[in-house]
Amino acid sequence: MKSLPYFCRGEVVKGFGRGSKELGIRTANFPDRVVEHLPADIPTGIYYGWACVGHGEVHKMVMSIGWNPFYKNEKKSMETHIIHTFKEDFYGEVLSIVIVGYIRPEKSFNSIDELIAAIHSDIEEATSRLESDDHRKLKDDSFFTPLDRTIMNGH
Ligand code: ADP
Ligand code: MG
């Protein structure tokens, strides 16, 4: 995919709580504007990369790009699961991400348990792939470093 790595940011909006209560895996949603900007050569599926909330630390993430059944599959959504435990929700904060690589296409599962198992294996896959030197570099990209912090650090 020519467009990867793909950097973007936007405020975290409410999703539809779709499944996340049953699944125990929270996913932060981007506003439509951000989703509509996605380049056409990034197909739906499961991706991995880096994510940062506000001016916080950069964490590993997995994300799904898919069609939202709530809108009769006419609307794409981007949902980011950050591989980190947060003390509080962060609705309304700015989420910055870089999509680094692709894991698998979207698929439907026969049971919730199979879906949960697949998500856990996606999280493991993302965690280990992001350890590569090339991927680690992106974690330190200046995209995640606000200008004021760079100046304060004397760079
Ligand atoms: P929604 O349907 O509103 O997306 P979720 O149950 O999927 O609801 O929860 C997503 C929200 O949970 C995010 O918007 C964020 O505020 C919060 N959250 C807490 N921890 C995480 C995490 N590790 N990854 C993603 N979102 C998280
Ligand atoms: Mg969600």
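The rules behind these values
- Residues numbered from 1 in each chain as written.
- Chains lettered and ligands numbered in written order.
- Predicted model: local features only at pLDDT ≥ 70, side-chain atom pairs only at ≥ 80, totals over all residues.
- Heavy atoms only, no water.
- pLDDT = per-residue confidence, 0-100.
- Helix = DSSP H or I, 4+ residues; strand = E, 2+ residues; numbered from the N terminus.
- Pairing = 2+ DSSP bridges.
- Contact = heavy atoms within 4.5 Å.
- Axes fitted to C-alpha atoms, helices over the stretch in contact; angles between N-to-C directions.
- Donors = N, O, S within 2.8 Å, 3.2 Å for Na, K, Ca; no water.
- Core = buried A, V, L, I, M, F, W, Y, C linked by side-chain atoms within 4.5 Å.
- Buried < 20%, exposed > 50% of the residue type's maximum accessible area, 1.4 Å probe, protein only.
- Phe/Tyr/Trp six-rings, centres within 6.5 Å; stacked < 30°, edge-to-face > 60°.
- Lys NZ or Arg CZ within 6 Å of the ring centre and 35° of its normal.
- Salt bridge = Lys/Arg side-chain N within 4 Å of Asp/Glu carboxyl O.

Novice: Could you give me a rundown of the confidence of the model for the protein, with the residues and numbers involved?
Specialist: Mean pLDDT over the protein: 90, with 88% of residues reaching 70 or higher. Mean pLDDT across the secondary structure elements of the protein bottoms out at helix H5 (residues 147-152), with 57, and peaks at strand S1 (residues 6-11), with 98.

Novice: Describe the sheet that holds strand S6 (residues 94-104), naming the residues involved and giving the relevant values.
Specialist: Spatially, S1-S6-S3-S4-S5-S2 is the arrangement adopted by the six strands of the open sheet, whose pairing is antiparallel. Strand pairing shows two members of the sheet lacking a second neighbour, S1 and strand S2 (28-29), which therefore form its edges. Alignment of strand S3 (residues 45-53) against strand S4 (residues 58-67), held across eight bridges, turns out to be antiparallel. Across the sheet, the residue bridging to glycine 45 is isoleucine 65, located in S4. Contacts from helix H3 (residues 112-129) reach S3, S4, strand S5 (76-82) and S6, with the element oriented near 100° to S6.

Novice: Explain the coordination of the magnesium ion (ligand 2) residue by residue, including any values.
Specialist: On the protein side, the magnesium ion (ligand 2) has Thr27 (O) and Thr27 (OG1) as donor atoms, found 2.3 Å from it. By the secondary structure assignment, threonine 27 is in the loop between helix H1 (20-23) and S2.

Novice: Outline the nonpolar core, supporting the account with residue identities and numerical values.
Specialist: Formed by 22 residues in total, the largest nonpolar core has its most connected members in Phe30, Met63, Ile65, Met78, Leu95, Ile97 and Ile99. Elements with a minimum of two residues in this core: S1, helix H2 (32-37), S3, S4, S5 and S6. Setting aside chain neighbours within four positions, we find isoleucine 97 in contact with Tyr6, Phe7, Cys8, Phe30, Trp50, Ala51, Met61, Met63, Met78, Thr80, Phe143 and Phe144. Counting 19 residues, the second largest nonpolar core, distinct from the first, contains Ile46, Ile116, Leu130 and Phe144.

Novice: Describe the pairing of S1, with residues and values.
Specialist: Only one face of S1 is covered, namely the face carrying Tyr6, Cys8 and Gly10; the face carrying Phe7, Arg9 and Glu11 is uncovered. When S1 meets S6, the two strands line up antiparallel, connected through six bridges. Note on S6: the bridge partner recorded for arginine 9 is serine 96.

Novice: I'd like a rundown of the packing of aromatic side chains, residues and numbers included.
Specialist: In the structure shown here, the tally under the stated rule is four aromatic pairs. On the basis of an interplanar angle of 70° and a centroid distance of 5.2 Å, the ring pair of tyrosine 47 and tyrosine 102 is categorised as edge-to-face. Linking tyrosine 47 in strand S3 with tyrosine 102 in strand S6, this pair joins segments that are 55 residues apart in sequence. With relative accessibility at 28%, the residue tyrosine 102 sits in the partly exposed group. What links up through ring pairs into an aromatic cluster is the set Phe7, Phe143 and Phe144. Here the guanidinium or amino end of arginine 9 rests over the ring plane of phenylalanine 143, the centre of that ring lying 4.0 Å away.

Novice: Tell me about the pattern of salt bridges, and please be specific about residues and values.
Specialist: The full count for this structure, using the stated rule, is eight salt bridges. Of the charged contacts, one joins arginine 33 and glutamate 11 as a salt bridge, the two residues approaching to 3.2 Å between their closest N and O atoms. With a gap of 22 residues between them, arginine 33 in helix H2 and glutamate 11 in strand S1 connect regions that are remote in the sequence. On the accessibility criterion, glutamate 11 (31% relative accessible area) is partly exposed. The partner of aspartate 89 in a salt bridge is arginine 26, with the nearest N and O atoms 2.7 Å apart. Residue aspartate 89 is found in the loop between S5 and S6, and its partner arginine 26 is found in the loop between H1 and S2; the two are separated by 63 residues along the sequence. Counted as one network, the salt bridges with shared partners bring together Lys60, Glu131 and Arg136.

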